[in-house]
Amino acid sequence: MSDDPLLVPLCDGDRRALARAITLVESTRPEHRDRAAALLDALPTGREALRIGLSGTPGVGKSTFIEAFGTMLTEAGCRVAVLAVDPSSARTGGSILGDKTRMERLSRDPGAFIRPSPAARHLGGVARRTREAVTLCEAAGFDVVLIETVGVGQSETMVAQLADLFVLLLAPAGGDELQGVKRGIMEIADLILVNKADGDLAATATRTVADYAGALRLMRRRPADPEGFPKAMAVSAVTGAGLASAWDEMQALAEWRRREGHWDATRAAQAAHWFDAEVRAALLAQLDAPETRARMAAMARDVAEGRRAARAAAEEMLESLRGA
Ligand code: GDP
């Protein structure tokens, strides 16, 4: 059992302790990494949130949706955490959720917790730290964890590996825009929500839902899907229309997957995936260490100039890494 002072307040649901624990797992300092690993290892098992991945291109209404949807859930007594996987933060160090005014009401809600995307060098690193943040939120007793990402392709696949359900937010659009959604994203979506189904856009939204429902029917149903899923629906984050039905569908799907055994199987496969990713990342980090790079460069010169055979030099290099 870890005697980390953050453990008890974290498990009591203290949001400040949660924020500090997430900062700890995001830290790259060696002493923090050891402490984070011990803390994560000491978390109680058996507390499960519904992890919902949410994606959509900028402007589709993600923050408006999360604000309205999250508030609806906290009003119903759910504790809601919002995390972000932002591929642009990997490049700029900025963050889509850095600006808390995006969800002003939810960020002041005592039943909610909002956390921006960690700044990391690689998207893979951002996703690995976000996964740990998800488990910290679960230990802190959150019922729903929303993991938001911008729709750019690669990040969705990673978020799907973090989530129990994947929701894709789309804007009402003409039929030809349907082709703009990448097949891979359609394939991981459990629920397609056509947002902005209000005012002048209401009729277009209804047509868009029908277009996507048709496209989804053409795709093969996955074993982890009940009849009728994946599903397309219209919502309005501004008026709140359709949000309660969307939540009903998410719960129904989650319930079905639990009952049929898919839930545990998916989480087990995800855990194995992240273990693998963690080991690979650690090995790559070892290769990137300055002393290793210097040694590699020296050996590469020896090989290039014919003093050593590549294979023998590689063996020697690997031997020294094993001993490291
Ligand atoms: P994000 O970039 O995906 O987070 O999108 P935002 O939530 O910032 O929304 C982009 C714009 O769409 C804003 O001007 C919102 O007011 C507007 N918007 C979001 N949801 C709706 C909706 O349900 N209906 C309408 N009419 N506008 C919306």
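- Per an unreviewed UniProt entry, the chain is named Putative GTPase/MT1543, and its organism is Jannaschia seosinensis.

### Structural notes on the site of the ligand
- Looking at the ligand, there are 15 residues lining it, with Gly59, Lys62, Ser63, Thr64 and Asp198 nearest.
- Glycine 59 places a polar main-chain atom, nitrogen or oxygen, 2.7 Å from an oxygen atom of the ligand.
- Interatomic distance of 3.1 Å between a side-chain N/O atom of lysine 196 and an oxygen atom of the ligand.
- In the complex, the protein chains occlude 67% of the 580 Å² of accessible area that the ligand would expose alone.
- Broken down by class, the residue content of the shell around the ligand amounts to four nonpolar, seven polar and four charged.

### Observations concerning the pairing of strand 6 (residues 191-194)
- By the alternation rule, side chains of strand 6 split into Leu191 and Leu193 and Ile192 and Val194, which are all buried.
- Across four bridges, strand 5 (residues 165-170) lies against strand 6 in parallel orientation. Paired with leucine 169 across the strands is leucine 193, a residue of strand 6.
- Across four bridges, strand 6 lies against strand 7 (residues 231-234) in parallel orientation. Bridge pairing in strand 7 places leucine 191 opposite lysine 231.
- For the segment spanning strand 6, helix 10 (residues 202-218) and strand 7, crossover handedness is right-handed.

### Thoughts on helix 14 (residues 310-323)
- Across its 14 residues, helix 14 extends 20 Å between first and last C-alpha, which sits within 8% of the 20 Å expected from 1.5 Å per residue.
- What helix 14 keeps buried is the set Ala313, Met317 and Leu321. An end-on view of helix 14 places all buried positions within 80 degrees of arc, on one side of the element. Away from its buried face by more than 90 degrees, helix 14 exposes Arg311, Arg322 and Gly323.
- In this structure, the buried residues of helix 14 make contact with helix 12 (262-288) and helix 13 (290-304).

### Concerning the sheet that holds strand 7
- Sheet architecture is open: seven strands sit in the order 3-2-4-1-5-6-7, paired in parallel fashion. Lying at the two open borders of the sheet, with one neighbouring strand each, are strand 3 (112-115) and strand 7. Direction aside, the axes of adjacent strands within the sheet are offset by 20 degrees on average.
- Against the sheet, helix 7 (residues 123-139) makes contact with strand 1 (50-56), strand 2 (80-85), strand 3 and strand 4 (144-150), and its axis sits at roughly 170 degrees relative to strand 2, the strand it touches most.
- In this fold helix 11 (residues 243-260) packs onto strand 1, strand 4, strand 5, strand 6 and strand 7, with an angle of close to 155 degrees to the strand it touches most, strand 5.

### Quick look at the packing of aromatic side chains
- Per the stated rule, a full pass over the model turns up three aromatic pairs.
- Geometrically, the ring pair formed by phenylalanine 69 and tryptophan 247 is edge-to-face, given 5.9 Å between the ring centres and 80 degrees between the ring planes. Within this pair, whereas phenylalanine 69 is found in helix 4 (residues 62-75), its partner tryptophan 247 is found in helix 11, the two being separated by 178 residues in sequence. Grouping residues by exposure puts phenylalanine 69 and tryptophan 247 together as buried.
- Chaining the aromatic ring pairs together yields one cluster made of Phe65, Phe69 and Trp247.
- Taking the ring centre of phenylalanine 142 as reference, the NZ or CZ of arginine 79 above it sits at 4.2 Å.
- Over the aromatic face of tryptophan 263 sits the side chain of arginine 258, whose NZ or CZ is 3.8 Å from the ring centroid.

### Observations regarding the domain arrangement of the chain
- Split into domains, the chain comes out as domain 1 (1-44), domain 2 (45-260) and domain 3 (275-322).
- Put simply, the middle of domain 1 and the middle of domain 3, counted by C-alpha atoms, are 33 Å apart.

What counts and what doesn't
- Residues numbered from 1 in each chain as written.
- Predicted model: local features only at pLDDT ≥ 70, side-chain atom pairs only at ≥ 80, totals over all residues.
- Heavy atoms only, no water.
- Near = heavy atom within 4 Å.
- Polar contact = N/O pair within 3.5 Å; in protein donor to acceptor, adjacent residues only side chain to side chain.
- Areas by Shrake-Rupley, 256 points an atom, 1.4 Å probe, with all protein chains shown as cover.
- Nonpolar A, V, L, I, M, F, W, Y, C, P; charged D, E, K, R; others polar.
- Buried < 20%, exposed > 50% of the residue type's maximum accessible area, 1.4 Å probe, protein only.
- Helix = DSSP H or I, 4+ residues; strand = E, 2+ residues; numbered from the N terminus.
- Pairing = 2+ DSSP bridges.
- Right-handed = clockwise from strand over helix to strand, strands pointing away.
- Expected span 1.5 Å × (residues − 1).
- Arc of directions from axis to C-beta.
- Contact = heavy atoms within 4.5 Å.
- Axes fitted to C-alpha atoms, helices over the stretch in contact; angles between N-to-C directions.
- Phe/Tyr/Trp six-rings, centres within 6.5 Å; stacked < 30°, edge-to-face > 60°.
- Lys NZ or Arg CZ within 6 Å of the ring centre and 35° of its normal.
- Domains from an automatic or database assignment.

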